[in-house]
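Listed below, chain by chain, are the residues.
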Amino acid sequence: MCLNYLFQPTLNHFNCHYSRHFSLPPNPNPKSFSANFSHTATTVNLKFNGPDSPKPTSIQTKPPSSVHPLPYSSLIQNCIDSNSFELGQSIHVQMVYNGYNPDSYLMTKILMLYARSGCLDDLCYARELFEEMPERNLTAWNTMILAYARAYNYVEVLRLYARMRVSGNFSDKFTFPSVIKACTAMEDIDGIRQVQSSVVKAGLASNLIVGGALVDGYARFSRMDDAVTALDEIEGTSVVTWNIVIAGYIKVLNWEEAWQIFDRLLKIGVYLDDFTFASALRVCGGLRSRDRGKQVHSKLIACGFKGDTFVGNSLIDMYAKCGDEESCLKVFNEMGERNQVTWNTIISAEAQFGHFHDALVLFLRMQESGCKSNRFNLGSILMASAGLADIGKGHELHGHLIRNLLDSDIILGSALVDLYSKCGMVEEGHQVFKTLLERNEVSYNALLAGYVQEGKAEEALELYHDMQSEDAIQPDHFTFSTLLTLCADQGNDYQGRQIHARLIKKNITKNVIVETELVHMYAECGRLNYAKEIFNQMAERNAYAWNSMIEGYEQNGRTEEAVQLFKQMQINGIKPDCFSLASMISSCVSLSDWHKGKELHNFIVRNSMEEEGILRVLLVDMYAKCGSMDYAWNIYDQTIKKDVILNNVMISAFVNSGRMNDAKNVFDQMEQRNLVSWNSVLACYAKEGLKRGSFNHFLEMLENEIEFDVLTMVILVNLCSSLPALEHGEQLHSLIIKKGFVNCSVVLETALVDMYSKCGVIKKAREVFDNMNEKNIVSWNAMISGYSKHGCSKEALILYKEMEKEGMSPNEVTFLSILSACSHTGLVEEGWRIFSSMQEEYNTEPKAEHYTCIVDLLGRAGRLEDAKEFVEKMPIEPDVSTWGALLGACRVHRDMDMGRLAAEHLFELDPQNPGPYVIMSNIYAAAGRWKEVEDIRQMMNMKGVKKEPGVSWIEINREIQIFHAGSKNHPRTEEIYNNLRQLTSQSKGLGYIPDTGFILQNVKDVKQEEEEEYLLQHSERLALSLGLISLPEKSTIRVFKNLRICGDCHNATKFISEITGRRIIVRDTKRFHHFEGGKCSCGDYW
């Protein structure tokens, strides 16, 4: 706004009726004064009321023609000075009644009388008098300008000032302050500059009052350079003016400049008041400078302000902002007098410190002291309750707000929304949100944060759109940072990019909080190039931004870049904190570099950071995973107070290193255990395959009333898969259903699919799979792999195609399972097609195991030359599994020469693996080449290679019965062998011919009956016989073997299934064989 507009004609804004001043005077008030006005000389006695009124005065009046104005002037001035405006107006009325015509001097006094009364009607009359004055002196102009300024009619102030300038009257030290105040109120910075020019011309820039008004005007516009310039022009000192400058810098959050002004005050020796100290303390709080705050604290004590409540409140607030709780409480406890602000400040401080319980205690003490709860302390208590997640206290406070009609208050209502959100009751928070009469960014952001915390993306985005539709509310940087957190948590970079575009459109991307969250979001979503671009463009990088980039590199496997960025962060002056150190420790785990981890450990010790966050825990974990168990144990052992997290990590470290007894010892010594502790020890038993120990430990959990979770069930179900133990698995499945864990964990249900599959119940596995509400790639792979292992290649291929239709892209494991299924059933062409699609359709690079499947596929089909050629043309170096597949095919098809070639490669690649020696020995034995068999055995002895003994087992009455070849130590040995001899005899009648080629020792001088007896001693046949004589007649028999089933046992089992009418399932290292009615599910293609 410019002053030029003020030259418009004056408008009459007031409809004033002052005829009362020109009527006959009323009867004089005897309490006010007594006077006898007449046209003759008279003595007037005036008596003033009020404690500050002047003494009674007597004056001589004369007829109008001869009255001197001085007595009236003195009377009017006395009335003005004593604020006896009604008395003065009565005198004026009598003057008018008597026809007295005042001169310019007296008229100005009368003008002042009406202008200063504070009554709007009087101001209107003063204006009439002013307009009727034939001559207006400077005092008259100043009187009216000051009167309108006091009445906040700043437009009229500026208009009068403009008229005054036109009239030729020069402004003085009384004019400018009111005009500057008017320009400030009208937000007219240009007007202030024009007035300043007039001030300078008038030579009043050094005047304390005028200069102070300029300082105040510029400070209110946050033009602090101009304010300081005006301050420097002033002669003399006034603490008020200096306080204005400090307050101006505080307003624009320029804490350092505010401190410099305070420092100048100290140096020039200006007397400091309580407002100065309060402002200085606020500056120290803004700077988070405890040292400067201590300096101010010492100075105010020296100046005698120690007991001042106003200053004491500022001290508490300063120490709170500087994080000095001890000093904060000390000031509070030493205060002799506390007011409502004191209690509000200390309660807020404790809430900010995160000492939520202490905040609640102080709130109760405040109420006991007689101070009342109000909007300010209730907001802090709501914050404390939210921090404690104390929903009970939250409900209590909510009820209090409702009873006091405060629940719709925007500040308290927003805090209540925040409380419910942080207590995990976001829907209740939404109900409070709906009741708010007015909403702002804070209330929206509180509810939005609750939905993000709960992972409710749809509701969060809907609330964001509602916020955008509000006219007076717009999403701020807190809104966008919360939404970016949601995108980061969910790995949704598409939504994140949309929010980024919105930020660019609103031009708020340069906010450090927003920039940091963008870096974090892109890093979490694996978009490291985007994250790095934003990071490099940041004008200011805080520790969170550095940590986000470091963590992003570390989580995406770019460990070396994470290490380099960590070093660069330190070069840039950012000290590593527990978050960046945590990422670096994880990097050391990824690199298996415990030496680098030890450097970090030394840094942590040097900087006394062992107690920060979970660094100690991470160090133990790092050393353990890098194989340095001694270092891990030393850190653990030297820790005096071992919390449950540290104990759990140490247990896990022992479990992973196979030190079961040490893990159990740590567990037994724990004073406090949680579910993780119990699950860790359970995992230890399961890893060792100790079924009895695992289930006993689980029973102990139940006895100690430990509420098991999904992970507990996953561990036990996986144990049943590995043993396998179908009966226990079925019991666990029943318990899972009873506990309501069905359809609540895709991991658990996938484990059930795998368990039933590995226990030989493929139909039940499919039933569980079909009932899953959610399936991930692991679920599909488990079912496809199950079909593959059971020889159900048709079902596996159908499921594979169904998976593709569902939009689930196969991964490396899927291809491995489906290729294996094709291999087991001789689907050569289909296998080739799927192998080719890996790269052509799914951009998946085949690995050694996929090439091995093709070798196995060709070899089993008898295409050994094709398999050999495929091996030779592989783009990667054939490994042990590839040559092993070729050797296995040579054993099936008894190709001794090619088998020798494959075996020689295996002897070179993996000389300590007994498998190739055994297979080659079997090939020689089947061909009757006993000398070569002996050579192989001697080679194994020379190299110290030991053949893994064949072991088969069967579960009878929940007990695992184990058999080796030729075992005769079972209590029912005689029954077992007699049963086998009888079954062999019956089988021969159906066409069974024992294949003595599977007798893998030299028995050429042994009779045929004795050769057949050797075949009966195979471990799988012994386990089968025990099942036949021990299990109910119609039950399925399940036998498991650690090696492949031999050809003769496979053939014999087909006949046995026909003779007994039993369903027999045999699982060897490669697959399941389902025998029923004289046939096997493999179709003799295995």
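Predicted, not measured: the structure shown is a model, and the values here were computed from it.

Moving on to the overall build of the chain. For the chain, the helix and strand inventory stands at 56 helices and eight strands. For the chain, whose C-alpha radius of gyration is 48 Å, the value lies well above the compact-globule estimate of 31 Å for 1086 residues. Put simply, of all contacts in the chain between residues at least 6 apart along the chain, 62% involve residues at least 24 apart. When the accessible surface of the chain is summed, it comes to about 52,500 Å², and 49% of that surface belongs to carbon and sulfur atoms. Averaging the locations of the 110 positively and 136 negatively charged side chains of the chain gives two centres separated by 1 Å.

What follows deals with the sheet that holds strand β5 (residues 1037–1041). Taken in spatial order, the six strands of this open sheet run β4-β3-β5-β6-β7-β8, and their pairing is mixed. One side of each edge strand has no neighbouring strand; the edge strands of this open sheet are β4 (959–964) and β8 (1079–1080). Here six bridges tie strand β3 (residues 951–956) to β4, and the two strands are oriented antiparallel to one another. In the sheet register, tryptophan 953 faces β4, and the bridge partner there is isoleucine 962.

Here we come to helix α9 (residues 208–220). The end-to-end C-alpha distance of α9 is 18 Å, a good match for the 18 Å that 13 residues give at a rise of 1.5 Å each. Along α9, the positions that sit buried rather than exposed are Val210, Gly211, Gly212, Ala213, Leu214, Val215, Gly217, Tyr218 and Ala219. Against α7 (175–185), α8 (189–201), α10 (224–233) and α11 (239–251) lie the buried residues of α9. Of the residues that open α9, the one with a side-chain oxygen 2.9 Å from the backbone nitrogen of isoleucine 209 is asparagine 207. Directly after α9, the chain includes serine 222, whose backbone phi takes a positive value near 60°.

All right, on to the packing of helix α12 (residues 255–268) against helix α13 (residues 274–287) then. Two elements in contact, α12 and α13, have axes separated by 9 Å at closest approach and are oriented at 140°. Pair α12 / α13 crosses with left-handed handedness. Within the contact between the two elements, α12 uses Trp255, Glu256, Ala258, Trp259, Phe262 and Leu265 and α13 uses Thr276, Ala280, Arg282, Val283, Cys284, Gly286 and Leu287. Of the residues assigned to the contact of α12 with α13, the class counts are nine nonpolar, two polar and two charged.

Considering all chains together, one arrives at 48 salt bridges under this definition. Across the salt bridge formed by lysine 422 and aspartate 418, the nearest N and O atoms sit 3.3 Å from each other. With a gap of four residues between them, lysine 422 and aspartate 418 both fall in helix α21 (residues 410–422), about one helical turn apart. In this structure, the salt-bridge partner of lysine 758 is aspartate 754, at a minimum N-O distance of 3.2 Å.

Attention shifts here to the confidence of the model for the chain. Residues with a pLDDT of 70 or more make up 92% of the chain, whose mean pLDDT is 87. The spread of mean pLDDT over the elements of the chain runs between strand β1 (residues 42–46), the lowest at 44, and helix α42 (residues 762–770), the highest at 97. Considering only residues more than four positions removed or in separate chains, one finds that residues 1–67, a stretch of pLDDT under 50, has 122 contacts.

Looking now at the environment of lysine 598. Following the sequence through the fold, lysine 598 ends up in helix α32 (residues 594–606). The spacing of lysine 598 and tyrosine 631 is 33 residues in sequence and 9.3 Å in space, taken between C-alpha atoms. Not counting chain neighbours up to four residues away, the residues in contact with lysine 598 comprise Met622, Tyr623 and Tyr631.

In terms of nonpolar packing, the biggest core is built from 294 residues, with Met144, Val296, Met650 and Met713 touching the most fellow members. Apart from the residues lying within four places of it in its own chain, the contact partners of methionine 713 are Phe698, Phe708, Leu732, Leu735, Ile736, Phe741 and Leu748. In this structure, Leu1024, Cys1049, Cys1080 and Cys1082 belong to the second largest nonpolar core, which totals 32 residues.

There is a patch of like negative charges on the surface, built from Glu458, Glu459, Glu462 and Asp466. Tracing the backbone shows glutamate 459 in helix α24 (residues 457–469).

A word on the environment of leucine 886. In this fold, leucine 886 is placed in helix α49 (residues 880–893). Residue class for leucine 886 comes out buried when judged on its relative accessible area of 0%. With 358 residues separating them in the primary sequence, leucine 886 and leucine 528 have C-alpha atoms 44 Å apart. In this view, leucine 886 contacts Val855, Leu864, Ala867, Lys868, Met898 and Ala902; residues no more than four positions away in its chain are not counted.

This paragraph deals with the packing of aromatic side chains. Geometry of an aromatic ring pair is reported as the spacing of the ring centres plus the angle between the planes. Overall, the coordinates contain 29 aromatic pairs when judged by the stated rule. On the basis of an interplanar angle of 55° and a centroid distance of 5.8 Å, the ring pair of tyrosine 992 and phenylalanine 1055 is categorised as tilted. Within this pair, whereas tyrosine 992 is found in the loop between α53 (973–989) and α54 (1008–1016), its partner phenylalanine 1055 is found in helix α56 (residues 1047–1060), the two being separated by 63 residues in sequence. With relative accessibility at 4%, the residue tyrosine 992 sits in the buried group. You can call phenylalanine 1055 buried: its relative accessible area is 14%. One aromatic cluster in this structure is built from Trp832, Phe835, Tyr851 and Phe870.

With that settled, consider the environment of glycine 862. Position of glycine 862 among the secondary structure elements: in the loop between α47 (848–860) and α48 (864–872). According to the relative accessible area criterion, glycine 862 is partly exposed, its value standing at 38%. A C-alpha to C-alpha distance of 108 Å links glycine 862 and proline 177, two positions 685 residues apart in sequence.

Before going further, it helps to examine the pairing of strand β7 (residues 1072–1076). Counting buried residues in β7 gives four out of five residues, a clear majority hidden from the surface. Pairing of strand β6 (residues 1064–1067) with β7 involves four bridges; the strand directions are antiparallel. Within the sheet, the bridge partner assigned to isoleucine 1064 lies in β7 and is phenylalanine 1075. Between β6 and β7, which pair antiparallel in sequence order, lie four residues. One ladder, built from two bridges, connects β7 with β8; its direction is antiparallel. Each residue of the ladder has a partner; that of phenylalanine 1075, found in β8, is cysteine 1080. Taken together, β7 and the strand that follows it, β8, pair antiparallel across an intervening segment of two residues, in which glycine 1077 is found at a positive phi of about 60°.

How each quantity is defined
- Residues numbered from 1 in each chain as written.
- Predicted model: local features only at pLDDT ≥ 70, side-chain atom pairs only at ≥ 80, totals over all residues.
- Heavy atoms only, no water.
- Helix = DSSP H or I, 4+ residues; strand = E, 2+ residues; numbered from the N terminus.
- Rg over C-alpha atoms; globule rule 2.2 N^0.38 Å.
- Contact = heavy atoms within 4.5 Å.
- Areas by Shrake-Rupley, 256 points an atom, 1.4 Å probe, with all protein chains shown as cover.
- Lys, Arg positive; Asp, Glu negative; His and termini not counted.
- Charge placed at Lys NZ, Arg CZ, Asp CG, Glu CD.
- Pairing = 2+ DSSP bridges.
- Expected span 1.5 Å × (residues − 1).
- Buried < 20%, exposed > 50% of the residue type's maximum accessible area, 1.4 Å probe, protein only.
- Polar contact = N/O pair within 3.5 Å; in protein donor to acceptor, adjacent residues only side chain to side chain.
- Axes fitted to C-alpha atoms, helices over the stretch in contact; angles between N-to-C directions.
- Left-handed = near helix turned anticlockwise from the far one by under 90°.
- Nonpolar A, V, L, I, M, F, W, Y, C, P; charged D, E, K, R; others polar.
- Salt bridge = Lys/Arg side-chain N within 4 Å of Asp/Glu carboxyl O.
- pLDDT = per-residue confidence, 0-100.
- Core = buried A, V, L, I, M, F, W, Y, C linked by side-chain atoms within 4.5 Å.
- Patch = residues over 30% accessible without salt bridge, like charges linked within 9 Å, V, L, I, M, F, W, Y side chains within 5 Å.
- Phe/Tyr/Trp six-rings, centres within 6.5 Å; stacked < 30°, edge-to-face > 60°.

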